[in-house]
Amino acid sequence: MRGAYKVPYASRGSILGATEAAALGQLLESGESLSMGSWRERFERRFSEYAGTRYALSVTSGTVALELAVHLLDLAPGDEVVVTPQTFQATVQPLLDRQVRVRFCDIDRESLNMDPASLKSLITDRTRAILLVHYGGWPAEMDEIVTMARERGILVVEDCAHALGARYDGRRPGSLGDIGCFSFHASKNITTLGEGGMLTFDRDDWAERVDRLRSNEIDGVFVAGDASPLDAPELLPWMKYSSSVYRDACLGVRRSGTNATLSEAACVVGLHQLDRLEDLVDRRRAIAARLNAVVDRHPHARAGRPRPGVHHAQHLYTCFVSGPRGTREALVRGLDARGVEVQLRYFPLHLLPEWRSRGHLPGECPVAEELWFTEHVNLPCHPGLTDEQVDHLADALDAALDDARNVIENAESLTTVPSIKETSHAAH
């Protein structure tokens, strides 16, 4: 049970306090609308400035943001999309609803992000899009990926759910590809009261389409006519619809609309959370640095470091332990016994039953499979941890890595013990 752990995995990835509570109180007392009001406009404007994009449109979750992003790609049957297997299932799940070929791209051993070299081998004349994640808050190598995409007219969707607070050569995730998708779930680096999402991009037509869809209007193809039907009733000034309902003709419907409006309460909290983001991420980085120092003392363990110019948001802290079978399990069991909760994120998606049913098999992404099943470990790393908990976490990690080393040494001793036959010959 979560309460039994001295250092639990995050149930909240951010900190909500007096500032957010006061802002919510002011909103409730103001009598202002609680939906589609000024706070949503302010939050979106501030977020677009932060991300460095022309548009930032809020929605009710990161999953909805990804669904709408895939819709904007206008994929047709037979198109191909290259995706990462090392992410939460929501990143690629919308593709199950489309008659497209999904090609899973293997990952880099250090960052767990999409490997550009593997990506190059998967691109064909049918490739229309690339869906990637900035795993754990470590930005993918976007210059290489985007260059390949631009040469072939391929669109790039960034899942930035982990990446708020990261930087890539002076730029922010969400502005590096064509569409950025963010999550403000309770576990993320900032939250809008538990759920929320954002899309970022620069295209005017996409902004119009997303705004219609999230507001319960269809995404359709319309043309303006010259005249209204003769028998059309008069539209009076207080009626909702303008005269365009008679004038315009709909040539086709791409998708029906939905209500994906992020509430004013969520937006006012999100705006204040965004103002606190750098402090929240700095705390994550400080915890990660403490854990890195422990890992560096053990030759059978490693934690990747981004190259200069790439700044990790530390949504997840990931390290690796290598050795014979049972080494990683000894580490995890040692941490658990010392009151540290461990969760492994994420199971290689191409091995899920829904993707196996589409022909994906073990061996398709060998690096992702090897690391997840034998080496990969995620540790608690969130700003809600106290200094005392961080001290305990560091000490527990140090001791549990010793447990793992014992497994390695025992295995090595078994391989060096002479056989009975060898011992017998030596006696003669």
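Above this text you will find the structure in question.
Only a predicted model underlies this, so the values are computations on that prediction, with no experimental measurement involved.

Engineer: How should the side chain of Thr-318 be read in this particular structure?
Structural biologist: Position of Thr-318 relative to the elements: it lies in strand β13 (residues 317-321). Given a relative accessible area of 15%, Thr-318 falls into the buried group. Of the polar contacts made by the side chain of Thr-318, one reaches the side chain of Asn-378; its length is 2.8 Å. Here Thr-318 is in contact with Leu-112, Tyr-135, Ala-303, His-376, Val-377 and Asn-378, once residues within four sequence places are set aside.

Engineer: What's the story with the nonpolar core in this structure? I'm lost.
Structural biologist: One recurring pattern in soluble globular proteins is that nonpolar side chains are buried together. Counting 47 residues, the largest nonpolar core has Val-83, Leu-95, Leu-131, Ile-179, Leu-199 and Phe-201 as its most contacted members. Top element by residues in this core is helix α3 (residues 62-72). It accounts for seven residues. Non-local contacts of Leu-95, meaning those with residues more than four positions away in its chain, are made with Val-70, Leu-75, Val-81, Val-83, Val-100, Val-102, Leu-131, Trp-355 and Arg-358.

Engineer: What should I look at first to understand the sheet that holds strand β3 (residues 101-104) in this one?
Structural biologist: Backbone-to-backbone hydrogen bonds join strands into a sheet, with any given pair of strands oriented parallel or antiparallel. The mixed open sheet is built from seven strands, whose spatial order is β1-β8-β7-β5-β4-β2-β3. The sheet is open, and its two edges are formed by β1 (55-59) and β3, each paired on a single side. Neighbour-to-neighbour, the strand axes of the sheet open up by a mean angle of 20°, direction not taken into account. By the bridge criterion, four bridges tie strand β2 (residues 80-83) to β3 in an arrangement that is parallel. Bridging from a neighbouring strand, Val-82 pairs with Arg-103 of β3. Contacting β4 (127-133) and β5 (155-159), helix α5 (residues 142-152) runs over the sheet at an angle of about 165° to β4. Against the sheet, helix α6 (residues 204-214) contacts β1, β5, β7 (179-183) and β8 (197-201), and its axis sits at roughly 15° relative to β1.

Engineer: Sorry if this is basic, but what is going on with the sheet that holds β13 here?
Structural biologist: Taken together, three strands build an open sheet; the order of strands is β11-β13-β14 and the sheet is antiparallel. At either end of the open sheet lies a strand with only one pairing partner, and these are β11 (301-302) and β14 (376-379). The pairing of β13 with β14 spans four bridges and is antiparallel. The residue bridging Phe-320 from the neighbouring strand is His-376, located in β14. Where helix α8 (residues 264-295) meets the sheet, it contacts β11, β13 and β14, and its direction lies at approximately 5° from that of β13. The sheet contacts of helix α9 (residues 327-337) involve β13 and β14, and relative to β14 the element is tilted by about 15°.

Engineer: Whenever I open this one, the packing of aromatic side chains confuses me. Can you help?
Structural biologist: For any two aromatic rings, the description comes down to two numbers: the centre-to-centre distance and the angle of the planes. Applying the stated criterion to the full structure yields 13 aromatic pairs. For the pair Phe-43 and Phe-184, a centre-to-centre distance of 5.6 Å together with 50° between the ring planes defines the contact as tilted. One end of the pair, Phe-43, is in helix α2 (residues 38-51); the other, Phe-184, is in the loop between β7 and β8, with 141 residues separating them in the sequence. Taken as a pair, Phe-43 and Phe-184 share a single burial class, namely buried. Arranged with centres 6.3 Å apart and planes meeting at 50°, the rings of Phe-47 and Tyr-50 form a pair that is tilted. Here the residue Phe-47 and the residue Tyr-50 both occupy positions in helix α2, the gap between them amounting to three residues, near one helical turn. Here the aromatic residues Phe-43, Phe-47, Tyr-50, Phe-182 and Phe-184 are joined through ring pairs into a cluster of three or more. One residue, Arg-203, lies across the ring of Trp-206, its end atom 3.9 Å from the ring centre.

Engineer: How do you make sense of the packing of α3 against α6 when you look at a structure like this?
Structural biologist: When two helices pack together, you describe them by how their axes are tilted relative to each other and by the distance separating the axes. The geometry of α3 relative to α6 is characterised by a closest axis approach of 11 Å and an angle of 130° between their N-to-C directions. It follows from the interaxial angle that α3 and α6 lie oblique. Every pair of crossing elements has a handedness; the one defined by α3 and α6 is right-handed. In this structure, α3 contributes Leu-68, His-71 and Leu-72 to the contact, and α6 contributes Trp-206, Arg-209, Val-210 and Leu-213.

Rules behind the numbers
- Residues numbered from 1 in each chain as written.
- Predicted model: local features only at pLDDT ≥ 70, side-chain atom pairs only at ≥ 80, totals over all residues.
- Heavy atoms only, no water.
- Helix = DSSP H or I, 4+ residues; strand = E, 2+ residues; numbered from the N terminus.
- Buried < 20%, exposed > 50% of the residue type's maximum accessible area, 1.4 Å probe, protein only.
- Polar contact = N/O pair within 3.5 Å; in protein donor to acceptor, adjacent residues only side chain to side chain.
- Contact = heavy atoms within 4.5 Å.
- Core = buried A, V, L, I, M, F, W, Y, C linked by side-chain atoms within 4.5 Å.
- Pairing = 2+ DSSP bridges.
- Axes fitted to C-alpha atoms, helices over the stretch in contact; angles between N-to-C directions.
- Phe/Tyr/Trp six-rings, centres within 6.5 Å; stacked < 30°, edge-to-face > 60°.
- Lys NZ or Arg CZ within 6 Å of the ring centre and 35° of its normal.
- Parallel < 35°, antiparallel > 145°, perpendicular 65-115°, else oblique.
- Left-handed = near helix turned anticlockwise from the far one by under 90°.

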